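# Inside the fold
Take a look at the letters that make up each chain.
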Amino acid sequence: MSEKLRLVDIINVESAFEDRQTDSAEKPKELDLPEVIGILPIRNAVVFPGTVTPLAVGREKSRKLLEDSKTGDSVIGLVTQKSPNIENPTINDLYKIGTASSILKVVKLPQSTVNVIVHGLIRFRILKVVSTEPYLKVRIEPLTSKTRVTKKLKALMVNVRDAANKVITLSPNVPEEASILLENIETPSALADFLAANLSVSLAEKQQLLEELDAKKRLEKISVALANQLDVLELSHKIQGQVRQAVEKNQREYFLQEQLKAIQSELGQDDKRTEDTKSLKGKIKKAKMPEKVESEALAELDRLSRTHQASPDYGVIRTYLAWVCELPWNIRTADSMDIKKSQRILNKDHYGLGKVKKRVLEFLAVRKLNPAGKSPILCFIGPPGVGKTSLGKSIARAMNRKFVRISLGGIRDEADIRGHRRTYIGALPGRILQELRKCGSKNPVFMLDEMDKIGVDFRGDPASALLEVLDPEQNNTFTDHYLDQPFDLSSVMFIGTANYTEPIPPALMDRMEIIELPGYTENEKLNIAKKYLIPRQLAENGLSKNKLKITDDATGEIIRRYTAEAGVRNLERNIAAICRSVATNIAKGNKRPTTITKTHLHKILGPIKHESELAMRTAVPGVATGLAYTPFGGEILFVESASMPGKGELILTGQIGEVMKESAQAAFSIVKENCKKLGINPSRFSKQDYHIHVPAGAVPKDGPSAGTAIFTSIVSLLTDTPARPEVAMTGEITLKGHVLPIGGLKEKILAAKQAGIKTVILPLRNKKDMVEVPKEAKKGMKFVFVKKADEVLNYALQK
């Protein structure tokens, strides 16, 4: 039942219902209704016979109907719209059954609005539209309700009346007159209409009650609706009672707590809160934090002691003080100054990587001579699987420091580095201070992994937040937003890792010392497998050296035929697969020792996954072999050129980037400019289109270093001369034919050696970088250094 019972209903409805009381069967008073009446469409309401309802009228047609109708004498039809959103409804937009009503009062308001109070008389059905102007007029048929009053119906009325009284009792905004009026309604139809008008049900359900002529069925539906509403009100009443009890309980507890404090004060005892305050004060003194930070912490502690425990600020201040006390303000581990011991640890944990080990030992040597020196900021750049992360752990072990690692991949919020301000609910410090708190030392080896995968969005730029962290001149006063006090990070040895440098902002790169970790050679991988990977996988799979032996030939075959990577992750996975296969045989009862040779690999690992197709790909003119450097190491790159009748257009495909497209256009221009020198007919450029494609098409490619390969591919096509299959090349070219230096030299040479290349053409200005290429990688290979593009052709094309 609606709590918003209209007072006008209660005042006027009793007299309206008096005319509908009968003794046994309902015999409604005959009303002199005209056959044709004007229709007033209403929305969001249904008017029932016997009820008095106020309506706000704003439509022009509806106002015209009211002007033509006399108050008290005229009868109008009130029909509900099917959709309240229609401004000018037609007969199809209205329900077919409405209520004939008399107008009790009309009140005109400003802004063309009229308030009218109507009295529902009787239901009617629309038979036919008579006219639509100036307002809707229809021919109607009055509908009467004939219901025989039986004992069952009387019992239903009693039940409905009791439920309605309970709803009225539980509804605080319903006047007492409603219950009195309810008791005075005796006929089933009048009772049903009165309750239906005030039920909290949907408009469609009210219309169904209006269209139901059988009073018994109406009362049954109303009984169900009242029961549902009564359940909701009783539950609401119960919840309010529980809330009231909880509030009274809290007030009582507060009063008793205050009394307990007074009693404890008289006895000279401390309560739990006082003990907590003393404990925090002791932790603040014990933390040995800087003087300014300590005074701020004590001020917050004083504020905490004057804040009530029920206040939201109490929890915020308490959590802040806990963080301040638990940070390692003055706790550090002693560095190991034994250079030889540190060198033994680094050599034991990693094979090769001499440049990195040398830099770590230099730092220890400087720290031994100058203990107050600042820690370096290193950044390891290299393909996946070369041991960047494990190297950080090894450095921490060699220096006798704790190791901390956080992954920056996918971080998009600056607050992950600097923390949130304390004004936010659930605020915490950034990851830097969180990890320092966990490790309990202010001078750990702190690894910032995947620095090239930091994201940027509307929440800020985490890379910019790292500028202060990774600057030795600034990080001694690093200020986290949550802590809002400077914390000294100068003792932390930060090590960043990334697969390649391009995504790292230049300002951040400038603050770090870049150390490149290129891919391993085949011999290095073989040694790593023998010394580290095979023993580790034997231990993890419950095997021993006596039960399983993998020959060097088998390991080399895995490296050449089953993996194509700069690192050793896939190599370790394949070794793990061999160990699991042998462990399965042992678990089945085969106790004999197993030796894995090349012949066993096909059965355990399946067919070989990587096979050289170099000679087949370069057997025709127009195909040249280039070298590329990716985040995953070096790769062989084929450049294919083709010609077809056309107008001299250049088509570039293979998902190549803008820089590579410009290299292709530059190479094409060089060929056109030097066509006579190269023995090419100039007319071919105006009569044919040229298509340059770089497989594989699904892999994005970019960079200028494929310039010489594209140039060679075009010349090979136009001169109908195949390129030599054992030759690969790399280098950027200019429009004047100069060959410029490139990066990733070691990775490219390793990729060429693995692919079976015998000769590599390189820019002359890269000759000085050859000292960084391992001797093993250079063994059996010829390196040609060129200054101009035409020199490339002397070595790249077949004679």
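Below you will find a few notes about this structure. Model, not experiment: these values are computed from the prediction.

## A look at the overall build of the chain
- If you tally the helices and strands in the chain, you get 28 helices and 24 strands.
- A globule of 799 residues ought to have a C-alpha radius of gyration of about 28 Å, yet the chain, at 45 Å, is considerably larger.
- Here the C-alpha coordinates of the chain stretch approximately 120 × 100 × 70 Å along the principal axes.
- Taking the contacts inside the chain whose residues are at least 6 apart along the sequence as the reference set, 74% of them involve residues at least 24 apart.
- As presented, the chain carries roughly 40,900 Å² of accessible surface, and 51% of it is formed by carbon and sulfur atoms.
- Across the chain, the mean location of the 121 positive side-chain charges is 9 Å away from that of the 96 negative side-chain charges.

## Some words on the pattern of salt bridges
- Summed over all chains, the structure comprises 31 salt bridges.
- Where Glu414 meets Arg418, a salt bridge forms, and the shortest distance between an N and an O atom there is 3.7 Å.
- Bridged by salt links that share partners, the residues Glu300, Arg303, Asp313 and Arg422 form one connected network.

## Structural notes on the side chain of Lys442
- Summarising the element assignment, Lys442 is placed in the loop between α15 (431-439) and β9 (445-449).
- We classify Lys442 as buried; its relative accessible area is 7%.
- One polar contact links the side chain of Lys442 to the main-chain carbonyl oxygen of Trp329, over a distance of 3.3 Å.
- Once you skip the residues sitting within four places of it in the chain, Lys442 turns out to touch Pro328, Trp329, Asn330, Ile331, Arg332, Asp488, Ser491 and Val492.

## Structural notes on the side chain of Thr708
- Structurally, Thr708 can be placed in helix α25 (residues 707-719).
- Sequence-distant contacts of Thr708, defined by excluding residues within four places in its chain, comprise Met729, Thr730, Gly731, Ile733, Val739 and Val792.

## Structural notes on the sheet that holds strand β12 (residues 493-498)
- Overall, parallel pairing links the 5 strands, which are arranged β8-β9-β12-β7-β13 in an open sheet. Strand pairing shows two members of the sheet lacking a second neighbour, β8 (403-407) and β13 (513-516), which therefore form its edges. Averaged over neighbouring strand pairs, the angle between their axes works out to 20 degrees when direction is ignored.
- Judged from the 4 bridges that link them, β9 and β12 form a sheet pairing that is parallel. Note on β12: the bridge partner recorded for Phe446 is Phe494.
- Along the sheet face, helix α13 (residues 388-399) touches β7 (377-381), β8, β9 and β12 and points at about 175 degrees away from the line of β9.

## Let's talk about the pairing of strand β6 (residues 137-143)
- When strand β1 (residues 36-42) meets β6, the two strands line up antiparallel, connected through 3 bridges. Bridge assignment links Ile37 to a residue of β6, and that residue is Val138.
- Pairing between strand β5 (residues 113-131) and β6: 7 bridges, direction antiparallel. What sits directly across from Ser131, in β6, is Lys137.
- In sequence, β5 turns back onto β6 through a hairpin of 5 residues.

## Some points on helix α9 (residues 291-305)
- Under the 1.5 Å per step criterion, the end-to-end length of α9 is 21 Å for 15 residues, consistent within 8% with the ideal 21 Å.
- Val293, Glu294, Ala297, Glu300, Leu301 and Leu304 are the residues of α9 that are buried. Summarising the axial view, the buried residues of α9 lie within an arc of 125 degrees, below the 170-degree limit, and thus occupy one face. Opposite the buried face of α9, by more than 90 degrees, sit the exposed residues Glu291 and Lys292.

## Digging into the packing of aromatic side chains
- Tallied over the full model, the rule gives 6 aromatic pairs.
- Arranged with centres 5.9 Å apart and planes meeting at 55 degrees, the rings of Tyr320 and Tyr482 form a pair that is tilted. One end of the pair, Tyr320, is in helix α10 (residues 312-326); the other, Tyr482, is in the loop between β10 (478-479) and β11 (486-487), with 162 residues separating them in the sequence.
- Relative accessible area serves as the criterion here: at 2%, Tyr320 is assigned to the buried category.
- The exposure class of Tyr482 is buried, given its relative accessible area of 3%.
- On the numbers, 5.9 Å between centres and 40 degrees between planes, the contact of Phe685 with Tyr690 is tilted.
- According to the relative accessible area criterion, Phe685 is buried, its value standing at 8%.
- Given a relative accessible area of 3%, Tyr690 falls into the buried group.
- Through successive ring pairs, a cluster of aromatic residues spans Phe668, Phe685 and Tyr690.
- The ring of Tyr320 carries Arg422 above its face, with NZ or CZ at 3.8 Å from the centroid.
- In this arrangement the basic side chain of Arg437 is found over the ring face of Trp323, its NZ or CZ atom lying 4.0 Å from the centre.

## Details of the packing of helix α18 (residues 522-540) against helix α19 (residues 552-562)
- Look at α18 against α19: their axes get within 10 Å of each other, and the N-to-C directions meet at 120 degrees. Taken as axis vectors, α18 and α19 run oblique relative to one another. As α18 runs across α19, the sense of the crossing is right-handed. Between α18 and α19, the contacting residues are Glu522, Lys525, Leu526, Ala529, Lys530 and Ile534 on the first element and Asp552, Thr555, Gly556, Ile559 and Arg560 on the second.

## Details of the environment of Tyr562
- Along the chain, Tyr562 turns up in helix α19.
- Judged by relative accessible area, Tyr562 falls into the buried class, the value being 5%.
- Taking the C-alpha atoms as reference points, Tyr562 and Ile608, 46 residues apart in sequence, are found 5.6 Å from one another.
- Those residues within four positions of Tyr562 in sequence are excluded, and the remaining contacts are Glu557, Asn574, Leu601, His602, Leu605, Gly606, Pro607, Ile608, Lys609 and His610.
- A distance of 2.7 Å separates a polar side-chain atom of Tyr562 from the backbone oxygen of Gly606.

## Some remarks on the nonpolar core
- Leu448, Leu466 and Leu470 are the most contacted members of the largest nonpolar core, which totals 50 residues.
- Per element, the largest residue contribution to this core is 7 residues, and it comes from α10.
- In this structure Leu466 touches Leu408, Ile417, Leu448, Met451, Ile454 and Leu508, once residues within four positions along its chain are discounted.
- Ranked by size, the runner-up nonpolar core spans 48 residues in total, among them Ile515, Tyr520, Ile550 and Cys579.

## A short note on unusual backbone geometry
- Along the chain, Glu133 connects to Pro134 via a cis peptide bond; the corresponding omega equals -5 degrees.
- Tracing the chain through its elements places Pro134 in the loop between β5 and β6.
- Positive phi outside glycine occurs at Asn44, with the angle close to 65 degrees.
- Position of Asn44 among the secondary structure elements: in the loop between β1 and β2 (52-57).
- With a phi angle near 55 degrees, Glu450 is a residue other than glycine that sits in the positive phi range.
- The topology assignment puts Glu450 in the loop between β9 and α16 (462-469).
- A residue is classified by how much of its surface remains accessible, and Glu450, at 25% relative accessible area, is partly exposed.

## Observations concerning a nonpolar patch on the surface
- A cluster of nonpolar residues, Leu235, Ile239 and Val243, forms a patch on the protein surface that exposes about 260 Å² of accessible area.
- Within the secondary structure layout, Ile239 lies in helix α7 (residues 215-267).
- Judged by relative accessible area, which is 43%, Ile239 ranks as partly exposed.

What counts, and at which threshold
Residues numbered from 1 in each chain as written. Predicted model: local features only at pLDDT ≥ 70, side-chain atom pairs only at ≥ 80, totals over all residues. Heavy atoms only, no water. Helix = DSSP H or I, 4+ residues; strand = E, 2+ residues; numbered from the N terminus. Rg over C-alpha atoms; globule rule 2.2 N^0.38 Å. Contact = heavy atoms within 4.5 Å. Areas by Shrake-Rupley, 256 points an atom, 1.4 Å probe, with all protein chains shown as cover. Lys, Arg positive; Asp, Glu negative; His and termini not counted. Charge placed at Lys NZ, Arg CZ, Asp CG, Glu CD. Salt bridge = Lys/Arg side-chain N within 4 Å of Asp/Glu carboxyl O. Buried < 20%, exposed > 50% of the residue type's maximum accessible area, 1.4 Å probe, protein only. Polar contact = N/O pair within 3.5 Å; in protein donor to acceptor, adjacent residues only side chain to side chain. Pairing = 2+ DSSP bridges. Axes fitted to C-alpha atoms, helices over the stretch in contact; angles between N-to-C directions. Expected span 1.5 Å × (residues − 1). Arc of directions from axis to C-beta. Phe/Tyr/Trp six-rings, centres within 6.5 Å; stacked < 30°, edge-to-face > 60°. Lys NZ or Arg CZ within 6 Å of the ring centre and 35° of its normal. Parallel < 35°, antiparallel > 145°, perpendicular 65-115°, else oblique. Left-handed = near helix turned anticlockwise from the far one by under 90°. Core = buried A, V, L, I, M, F, W, Y, C linked by side-chain atoms within 4.5 Å. Patch = residues over 30% accessible without salt bridge, like charges linked within 9 Å, V, L, I, M, F, W, Y side chains within 5 Å.

By themselves these figures say nothing about function.
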